[in-house]
Amino acid sequence: MIVGEQKPLQEIKELIGDAEKVLVAGCGTCVAVCFAGGEREAEILTSALRLAFRGDGKAKEVEEVTVQRQCEWEYIDPLAEQVAASDVVVSLACGIGVQTLVERFPEAWIVPGLNTTFLGMPQEQGIWVERCQACGNCILGVTAGICPIARCSKQLLNGPCGGSQDGRCEVNPDMECAWQLIYDRLSKMGRLDLMVTFQPAKDWSASRDGGPRKIVRQDLLMLPEEGY
Amino acid sequence: MSDNNAYKSGSRLEKLLRAGHFVATGELGPPQSADGEVIREKARLLKGKCDAVNITDNQTAIVRMSSIGSGAICIQEGVEPIVQMTCRDRNRLAMQSDLLAAYALGMRNLLCLTGDHQSFGNHPTAKNVHDLDSLQLIDMMVRMRDQKTFLCGDPIKTVEPRFFIGAAANPFADPFDFRPYRLAKKVAAGADFIQTQLIYNVEKFAEYMRRVREMGLHERAYILAGVGPLKTPGMARYMRDKVPGMEVPDALVERMDAAGRDIPKERKEARNAAWREEGIKIAVELIEQLRQIEGVAGVHIMSIEWEEGVGIIAERAGLLPRPLS
């Protein structure tokens, strides 16, 4: 899932600026699961903004709405009227949701209320961890299912570096050394041969380095002649 | 064209190691300024004290004069550089173009490193690169030298950069059992020589070397053991407790403590001198012990921000005159 964190209230207020009619738009999928931008968080932020603006002596209208997914046309189309009636929309979706709104409602001013943090998972109550960098060329099959691109501070493909100690990364003792995890698991699975196999320079063109990515599935395209 | 077809690079370091000499290398940290005179002064301190000198590459992720630029100044001073190159700051394009320039400027030894994480340095908000890791950098340099191609496969049509290729090894980092295999991986990728992390725990290093010999790695690459003087008891403690991949036995920390114990705090200089003296003594003893370990082809003396230390240690360890020829 996509994990996000709400921006500080002060920053959101600054992004709202002089706008008088504010719409806080929550998203009911990933960011709701990580308690950052779902219905409940949209309600709380709305109340907080109303209180803050009242305290500042500013007459602003703050409304809220939450859709199931801000990253798909069909879920955001019903927002058209509310968006049109607002001076600014504070999207509590991830960066994808913000941009989907922008593309659908080009006349509206949309600002982010979240920082999109990473692709990850809830490890335990209150803790989310990064697991994937979407590098476009998955190597989990040779690293025992533990991703060094997302989980090694230096993204080493032939690790570990000299900064691995007691299973921890030199960058921060709170971080696990991904290569220690890989080593332990390969060892347990009897696949240490993979640990000594040289991994050549990675093709980063499938990652963000190749420019913005796009997938076109010919088998799924709606061709004109099939449209009726 | 190579300088000498019998050698991979023709560097002094390569020739000495090939001839079976016990070599000594030093280390020079470039300044955090554009003052080339600093390099010249340090080079003069190291000249005649070792066979070649490592030039660090933005070590601990602090911006300094580049290792290749500093290396060019060292050559002018008659000191053979071992240029360090980290994977933190450059992608494969920048690395290859820098390798071409370093060779054209007369550099012949290159040490391939991953690089300290930028969070330790003075630009913690920087984006790191790590397009390649240190093993992939070794592999790329071997292709350039031996296959005369760039990493992409395009031919280098005229002069290829011919370096004596070095790699680092940390015998004490975790997982300890894997460390000899990681060394094997670097040797298989094409490392000609290895410089190790600072060694204070000779017993544990000897165990590492026993496994290195079992794998025959000492016959495929020259292994230089890392040695450096402790300067204060505080430094010894810090290295023991805080630096990942570093092992400093309690006995050595105790010796550093004892060296200054009878000197009152107010006599700061005298106490510092006593600590440094003990640090030098320990380093010399370490060199004597490390020399006895089969497969150790030399020592790499790292005297960080105390370049004079290299000469003192080399002299007392009976390693002078240098360079050998």
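Not measured: the values here are computed from a predicted model.

1. Digging into the interface of chain A and chain B
Contacts between chain A and chain B engage 23 residues on the former and 26 residues on the latter. If you list the elements that add at least two residues to the side of chain A that touches chain B, you get β8 (164-165), α8 (178-188) and α9 (193-196) of chain A.

2. Quick look at the domain arrangement of chain A
The domain boundaries assigned to chain A delineate domain 1 (2-118) and domain 2 (137-199). Computed from C-alpha coordinates alone, the two centres of domain 1 of chain A and domain 2 of chain A are separated by 39 Å.

3. Some remarks on the pairing of strand β5 (residues 164-169) of chain B
All names here are of chain B. Judged by how many residues are buried, β5 sits mostly within the fold: six of six residues are covered. Of the two faces of β5, the one lined by F164, G166 and A168 and the one lined by I165, A167 and A169 are each fully buried. Bridge count between strand β4 (residues 109-113) and β5: four bridges; the pairing is parallel. Note that in β5 the partner of N109 across the bridge is F164. With respect to chirality, the unit in which β4 leads through helix α5 (residues 134-147) into the neighbouring parallel β5 is right-handed.

4. Points about the sheet that holds strand β7 (residues 127-132) of chain A
Residue and element names in this part refer to chain A. What the three strands build is an open sheet, ordered β1-β6-β7; its pairing is antiparallel. Single-partner strands in this sheet number two, and they are β1 (2-6) and β7. Strand-to-strand twist across the sheet, computed as the mean angle between neighbouring axes with direction ignored, equals 70°.

5. Quick word on helix α6 (residues 179-189) of chain B
The buried count for α6(B) comes to eight of 11 residues, which makes it a mostly enclosed element. Those residues of α6(B) not exposed but buried are B:R179, B:P180, B:R182, B:L183, B:K185, B:K186, B:V187 and B:A189. As for α6(B), its buried residues are in contact with α9 of chain A together with α5, β5, β6 (193-198) and α7 (202-214) of chain B. Of the residues trailing α6(B), B:G190 is marked for its positive phi of about 125°.

6. Focus: the nonpolar core
Counting 91 residues, the largest nonpolar core has B:C112, B:M141 and B:V227 as the members making the most contacts within it. In terms of nonpolar packing, the next biggest core, distinct from the first, is built from 34 residues, A:A32, A:A42, A:L79 and A:V88 among them.

7. So, unusual backbone geometry
A:G159 connects to A:P160 through a cis peptide bond whose omega is 0°. B:L320 connects to B:P321 through a cis peptide bond whose omega is 0°. Relative to the helices and strands, B:P321 is located in the segment after α11 (308-316). Even without glycine at this site, A:A144 takes up a positive phi of about 60°. Position of A:A144 relative to the elements: it lies in the loop between β7 and α7 (148-151). Under the C-beta neighbour-count criterion, A:A144 is labelled partly exposed, with 18 such atoms within 10 Å. Residue B:K148 is not a glycine yet carries a positive backbone phi of 55°. Looking at the secondary structure, you find B:K148 in the loop between α5 and β5.

The rules behind these values
Residues numbered from 1 in each chain as written. Chains lettered and ligands numbered in written order. Predicted model: local features only at pLDDT ≥ 70, side-chain atom pairs only at ≥ 80, totals over all residues. Contact = placed C-beta atoms within 7 Å. Helix = DSSP H or I, 4+ residues; strand = E, 2+ residues; numbered from the N terminus. Domains from an automatic or database assignment. Buried ≥ 20, exposed ≤ 12 C-beta atoms within 10 Å, placed from the backbone. Pairing = 2+ DSSP bridges. Right-handed = clockwise from strand over helix to strand, strands pointing away. Axes fitted to C-alpha atoms, helices over the stretch in contact; angles between N-to-C directions. Core = buried A, V, L, I, M, F, W, Y, C linked by C-beta atoms within 7 Å.

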